[in-house]
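# Descriptive analysis of the structure
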Amino acid sequence: MYFPDDLLTFIRAHRDELTLSVYIEAAPNDPAARRNWRVRLRQGLNEVRDSLESAPTDEQDAFERCAAEVLRRLPSGDTAPSTHGWACFAAASGEAFATTLADSTETNVSWGPGARIVPYLRHMTEGRALVVRIDREHATIQRWHDGALEGLARLEAESPHDVGTHMGDAARQGFHGGTRGRTGTDEEQRQKLEAAERLLADVRARLVALAEAHEPVLIGGAAAASARLFDQLPDVLAARAIVVPALTMPLADAAALGVIHDALIALDSTMRMRRVTELRELAHARGRAAVGYAPARAAADLGAIAELIFSERAWQQHPDRIEDLVQRALFEGASVVLAPTFPNTPYDRETEGIIAGLRFPLPTAR
């Protein structure tokens, strides 16, 4: 999953520095509740302030500076910072990083060494995706990037050629009685079908050329055309593609953004659980995965983690150690994602909600 380079640079630079991490929820639809986030923010800051009563004066002063910096970056008034969530990380050195979140979140405040980034991962979807809409006559290809759509290509099926004025008419005098041909209607239909097939092949080729590594593909448009396109995708693209019926041809881009976001969440959930199953098999077959917290932590110490998947329940039960493991993995260049929690499934029972794909087998796994 895509993790912003600028945020990763910030948390790496301040990994051992006292940092205030603040997450703000999105503005609710209920006008009466739209000021609640400020109450929760104030409560969170006061709770940290109370916990620092016996801390050194330098730390208390650092916290107050960070709190002032976060409050300075908040918009004025009683409206939440955006229609989405918002996060801000302020380090004791004076540097800060603020960003919006693609999804709603809850308001919370934490203080300690390094930024708290697991709440960020909880609401993160893929930063990019190819979006294609197709029917028998038209196709558009766009790229969804950071909540906006960029047009990449528009393709049209070829119009039927002139089928001739005599086709479909009654036979002229002198026409041989045994001659058989196609009516004008049949010829036009045949040409339309061939044009639709060529359009399908052209779109498939464009997707293969445009798709970046690991980029999801969302397919909408007419039901029959989108299903056929999905069936004809090469396996490497089909594994990260999904048909989205709500993504219709006439749907405006502004309205499509919400549909795309929801589809990416659904696709992400499916892909994560599929990958968990693959990693569990790798762990047993070749030792190329670490199952559970202790093996994953050992792999992180050796810089062996290539990808880390953890569950919501694992984080809720052990937030500090999961935060530490996540940051270790990210700093080593690993892909880190949070998978939905599925109670009473082998994933949570057997793995403690933690599984990691490895760059190389651990010595104890051989």
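Throughout what follows, the structure given in this document is the object of discussion. (Residues numbered from 1 in each chain as written. Predicted model: local features only at pLDDT ≥ 70, side-chain atom pairs only at ≥ 80, totals over all residues. Heavy atoms only, no water.)

### As for the overall build of the protein chain
- Each helix and strand in the protein chain was counted, giving twelve helices and 13 strands.
- For the protein chain, the residues scored as buried account for 44% of the 366 residues in total.
- A separation of at least 24 residues holds for 73% of the contacts in the protein chain among residues at least 6 apart in sequence.
- In the form shown here, the protein chain has an accessible surface area of approximately 18700 Å², with 50% of it arising from carbon and sulfur atoms. (Helix = DSSP H or I, 4+ residues; strand = E, 2+ residues; numbered from the N terminus. Buried < 20%, exposed > 50% of the residue type's maximum accessible area, 1.4 Å probe, protein only. Contact = heavy atoms within 4.5 Å. Areas by Shrake-Rupley, 256 points an atom, 1.4 Å probe, with all protein chains shown as cover.)

### Re the nonpolar core
- Membership of the largest hydrophobic core comes to 40 residues, with the highest contact counts inside it found for Ile11, Ile305, Leu308, Phe310, Val326 and Ile354.
- Per element, the largest residue contribution to this core is six residues, and it comes from helix H11 (residues 319-331). (Core = buried A, V, L, I, M, F, W, Y, C linked by side-chain atoms within 4.5 Å.)

### Digging into the packing of aromatic side chains
- Considering all chains together, one arrives at three aromatic pairs under this definition.
- Geometrically, the ring pair formed by Phe10 and Phe97 is tilted, given 6.0 Å between the ring centres and 35° between the ring planes. One end of the pair, Phe10, is in helix H1 (residues 5-13); the other, Phe97, is in strand S3 (residues 96-101), and 87 residues separate them in sequence. We note that Phe10, like Phe97, is buried.
- Aromatic pair Tyr23 and Phe89: ring centres 5.7 Å apart, planes at 80°, arrangement edge-to-face. Taken together, the positions of Tyr23 in strand S1 (residues 18-24) and Phe89 in strand S2 (residues 85-91) put the pair 66 residues apart, joining distant regions of the chain.
- You can call Phe89 buried: its relative accessible area is 0%.
- Positioned above the aromatic ring of Tyr293 is the side chain of Arg321, whose terminal nitrogen or guanidinium carbon lies 4.1 Å from the ring centre. (Phe/Tyr/Trp six-rings, centres within 6.5 Å; stacked < 30°, edge-to-face > 60°. Lys NZ or Arg CZ within 6 Å of the ring centre and 35° of its normal.)

### Describing H1
- Turning to H1, its buried residues are Leu7, Leu8, Phe10 and Ile11. Angularly, the buried residues of H1 cover 160° about the axis, an arc narrow enough to put them on a single face. With respect to the buried face of H1, the exposed residues turned more than 90 degrees away are Asp5 and Ala13.
- On its buried side, H1 packs onto S2, S3, helix H4 (118-122) and H11. (Arc of directions from axis to C-beta.)

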